[in-house]
Amino acid sequence: MRVEETRIPVRDGLFLAATLYLPDQSAGPQPCLVEALPYRKDDLTSSYAASYESLCERHSYAVCRIDVRGTGSSPGDALDEYQEAEQTDLPDAIAWLAEQPWCDGQVGMWGTSYSGFNSLQIACERPPALKAICAIYATDDRWTDDVHWRGGALRLVDLVDYDHYMTPMCVLPPVPAVWDSPDGRSWYDEWLRRLETNEPWVLTWLREHRHGAYWDHGSLRLGGTTAGYERIACPTMIVAGWADGYRNNSFRTVAELARHGTPHRLLAGPWAHADPTTAMPGPRIDFEAELVAWFDRWLRGRGDHEDRCDVFVRSSTRPEIDLDLHDGAWLTLPSVPPVTEATLDLTAPVSLEVAPDVGTAAWIDCAGHLPWGLSGDQRLDDERSVTWEIDPPPGPVVGHPVLRARVWATVPAASLSVKVCDVFPDGTSALVTRGTLDLTYRDGVHGEPSPLVPGREYEVEVVLDACAYQWAPGQTLRVSVAGSDWPNTVAPPEPVTLHLRTASLTLPLLDEGDYPTPGFGPGAEHSSESVEGVSWSIHHDVLARRTSATTRSDSRYLTPYDGTAHELYLGEVSVDRRTFAQRADAHTTFELTWPGTEVVVRSGMTVDVTAAGYDVRIWTHAAHNGEEISSRTWQESIPR
């Protein structure tokens, strides 16, 4: 294997910085696999190189890792995630790779999260050399199934995670040893340019607080000008995790691919937002073997294929924040699993005075690595919700449960949070699935919101997250309805009481059948998660009537080109239990060194969530070799 840095030209005269992992030339030209990310291949995610090396050395694939435009060592402007230029840059890169003498003209694209998103997006562009993709933990709906909005409600805790840390990430300099300017600028000049011109992406995400063309861009489900299920023609593998926030890009996407005749496979396991080989919870599998088999079939013509869904059906397991293993069983199901709907009547009417901090037991929806852990015991949240206890169905639930209710509220803005839980004989409550709806979107989350008329009754529908689950004998199914899912999403803007006159829950029950069991090679015996350098706590200030949730993550490591990196993330979200006023505070520090050079970028953000809107203040400071070279501040009030 040889490793090369290269510059891939794109149509506007710029280039993309890329690292190539090339197999021994004696094997002749080979297919190329591409991953494109904004997360800096040469330092902050340099550890990903081990997976690229394995694909190259063990399986003889050429592998290309790309820094997308304006990030890491690539020139240009990082205007936003999945910006329009990216959807022309990457087809250009695929065409260039296919023409190289070490490539046989066959290209595959894959990746997790961001690179799963853009794998789907680039497949819609149909570059001729792109023969197959694998999208891992991605979504088909950027409006309501990404880390920004959910059911029309702002995702609060994500503000102090991804939404903020992309601000300092995008103003870090290119790596000096790799940078090669298209116009003669030094790496330092390019860094100054980024510091002076880059705007925080989070401001756009907050301004775009309605579904529309912005969110349609790059969303298969929404069918904008750049995407749509029917636009994907190449074979597509979807990987989903039941502990991941992108689980909904599973059954519905595969069903649409089947409808349009696109070869496909769904692999849906118990995992959080991490490699299925090492993720929590297990069972873990040898995911590299599955990935290679997929690309071998479509890029090399090896092996057979049948469209299918390989699904892990979870079963009753006591919850833990860092659960290592979930009970359950694997099944191979058709592209559209055969289900029969069963509707459970929930006795009503009931009233609920909303507590704004219900939800802390099932914290972040897109858990990946600690401190973003898994959901814990739901009992404390259940006690402050309206609940119904029901005998569970004898077979698995596979798909999206749906709650339908007739409801009215005492103020113009309110939310419904619905959870389905598995209750043990001792009262322990494990989260199965949940859904959230800002009731101003009662006519459809992709439509226009409108205020509630206090006292007027509305018929609403809450679609819960996709799941595959079976209750063990002796367990109880609990339906839990609250007016908040905090801090996963914001609480209502003011105190409110909800009244449910009728309610029902519809469950998609898997039809009886002789479903085969897929076989997988074993993954790691235990997850790779560690508590070193991380913390996660929930604090109740009794006198101030304030609940806060805080996280900390601190890591140091070596990087290529004789470098070091230090990442520090601090976040806190809080809510006043009397007024429902909320705040998000985030602080991020990046420290990078190379011989003779030290780079420090610090950034902070405060978002006050009020009845009127979102008051945002963001700042960045940058220093080079101990001397401050940039300080910028943004301040904006964004109406709801």
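Here's a quick rundown of the structure. (Residues numbered from 1 in each chain as written. Predicted model: local features only at pLDDT ≥ 70, side-chain atom pairs only at ≥ 80, totals over all residues. Heavy atoms only, no water.)

Points about the overall build of the chain
When helices and strands are tallied, the chain shows ten helices and 30 strands. For 640 residues, the compact-globule estimate of 2.2 N^0.38 gives 26 Å, and the C-alpha radius of gyration of the chain, at 24 Å, lies within 12% of that figure. In terms of overall dimensions, the chain has a C-alpha envelope of 70 × 60 × 45 Å along the principal axes. Evaluated residue by residue, the chain yields a buried proportion of 63% over its 640 residues. Relative to all contacts within the chain whose residues are 6 or more apart in sequence, the contacts with residues 24 or more apart total 74%. Working note: accessible area of the chain is about 23,000 Å², and carbon and sulfur atoms make up 49% of it. (Helix = DSSP H or I, 4+ residues; strand = E, 2+ residues; numbered from the N terminus. Rg over C-alpha atoms; globule rule 2.2 N^0.38 Å. Buried < 20%, exposed > 50% of the residue type's maximum accessible area, 1.4 Å probe, protein only. Contact = heavy atoms within 4.5 Å. Areas by Shrake-Rupley, 256 points an atom, 1.4 Å probe, with all protein chains shown as cover.)

A word on the sheet that holds strand β27 (residues 582-594)
A sheet is described by the order of its strands in space; here seven strands give the open sequence β24-β25-β26-β27-β28-β29-β30, paired in antiparallel fashion. The sheet is open, and its two edges are formed by β24 (534-541) and β30 (627-639), each paired on a single side. Between one strand axis and the next, the sheet turns by 10° as a mean value, whatever way the strands run. By the bridge criterion, 13 bridges tie β27 to strand β28 (residues 597-609) in an arrangement that is antiparallel. When the bridges of β28 are listed, Arg 583 appears paired with Asp 608. (Pairing = 2+ DSSP bridges. Axes fitted to C-alpha atoms, helices over the stretch in contact; angles between N-to-C directions.)

Examining empty space enclosed by the protein
Tallied over the entire structure, the rule returns three cavities of 30 Å³ or more. In this structure, the largest cavity encloses a volume near 340 Å³. Lining of the largest cavity is provided by 25 residues; of these, Ala 243, Arg 314, Leu 374, Ser 375 and Leu 431 occupy positions nearest its centre. Top contributing element to the lining of the largest cavity by residue count: strand β19 (residues 429-438), with five residues. (1 Å grid on protein atoms, 1.4 Å probe; cavity = no way out; pocket = protein on both sides within 12 Å on 5 of 7 lines; lining within 4 Å. Points joined across faces, edges and corners; volume = space filled by probe spheres on them.)

Things to note about the pattern of salt bridges
In the structure shown here, the tally under the stated rule is 45 salt bridges. Close ionic contact of Glu 459 with Arg 406 constitutes a salt bridge, the shortest N to O distance being 2.8 Å. Placement of Glu 459 in strand β20 (residues 458-463) and of Arg 406 in strand β17 (residues 402-409) is noted, with a sequence separation of 53 residues between them. Here Glu 459 falls in the exposed class, since its relative accessible area comes to 58%. For Arg 406, a relative accessible area of 25% translates into the label partly exposed. Ionic pairing is found between Arg 552 and Asp 554, a salt bridge with its closest N-O pair at 3.4 Å. A relative accessible area of 22% places Asp 554 in the partly exposed class. Taken together, the salt bridges that share partners define one network made up of Asp 77, Asp 183, Arg 185, Glu 190, Arg 193 and Arg 194. (Salt bridge = Lys/Arg side-chain N within 4 Å of Asp/Glu carboxyl O.)

Some remarks on the sheet that holds strand β15 (residues 386-390)
Judged by pairing direction, the sheet is antiparallel, and its four strands sit side by side in the order β15-β22-β18-β19 without closing on themselves. Both edges of this open sheet fall to β15 and β19, since each of them pairs with a single strand only. Ignoring which end each strand starts from, the neighbouring axes of this sheet average 15° apart.

Digging into the nonpolar core
Within the largest apolar cluster, 187 residues are counted, with the highest numbers of intra-cluster contacts made by Ile 66, Trp 110, Cys 134, Phe 295 and Val 479. Here Phe 295 is in contact with Leu 33, Tyr 61, Gly 108, Met 109, Trp 110, Ala 132, Ile 133, Cys 134 and Arg 300, once residues within four sequence places are set aside. Ala 243, Ala 272, Met 280 and Leu 374 belong to the second-largest nonpolar core, a separate cluster that totals six residues. (Core = buried A, V, L, I, M, F, W, Y, C linked by side-chain atoms within 4.5 Å.)

A few points about the pairing of strand β10 (residues 264-269)
Here is the key point about a regular strand: its side chains alternate between the two faces of the sheet. Burial runs high along β10: six of the six residues are buried. Two elements, strand β9 (residues 236-241) and β10, share six bridges in a ladder whose sense is parallel. In the strand pairing of β10, Ala 240 is matched with Ala 268. Following the backbone out of β9, through helix α8 (residues 251-259) and into the adjacent parallel β10, one traces a crossover that is right-handed. (Right-handed = clockwise from strand over helix to strand, strands pointing away.)

Looking at the packing of aromatic side chains
We describe a pair of aromatic rings using the distance from one ring centre to the other and the angle between the two ring planes. With the rule as written, the count across this model stands at 26 aromatic pairs. Measuring from ring centre to ring centre gives 5.5 Å for Tyr 21 and Tyr 52, while their planes differ by 45°; the resulting arrangement is tilted. Here Tyr 21, found in strand β2 (residues 15-22), pairs with Tyr 52, found in helix α1 (residues 49-59); they are 31 residues apart in sequence, far enough to count as distant. Of the two residues examined, Tyr 21 and Tyr 52, each falls in the buried class. (Phe/Tyr/Trp six-rings, centres within 6.5 Å; stacked < 30°, edge-to-face > 60°.)

Some thoughts on the environment of Trp 619
When you line up the elements, Trp 619 lands in strand β29 (residues 613-624). With 15 residues separating them along the chain, Trp 619 and Trp 634 place their C-alpha atoms 6.3 Å apart. Trp 619 has contacts with His 587, Arg 602, Ser 603, Gly 604, Arg 632, Thr 633 and Trp 634, leaving out every residue within four places of it along the chain.

Considering helix α4 (residues 162-169)
Where burial is concerned, most of α4 is hidden: eight out of the eight residues are buried. Contacts made by the buried residues of α4 are with α3 (114-125), α6 (201-207), β26 (563-576), β27, β28 and β29.

Quick word on unusual backbone geometry
Cis geometry is found at the peptide bond from Leu 370 to Pro 371, where omega equals 15°. Its location among the elements puts Pro 371 in the loop between β14 (350-353) and α10 (379-383). Look at the link from Trp 486 to Pro 487: it is a cis peptide, with omega at 5°. Looking at where Pro 487 falls in the secondary structure, it is placed in the loop between β22 (476-482) and β23 (497-510). Within the chain, Asn 625 stands out as a residue other than glycine whose phi angle is a positive 50°. With respect to the element layout, Asn 625 can be found in the loop between β29 and β30.

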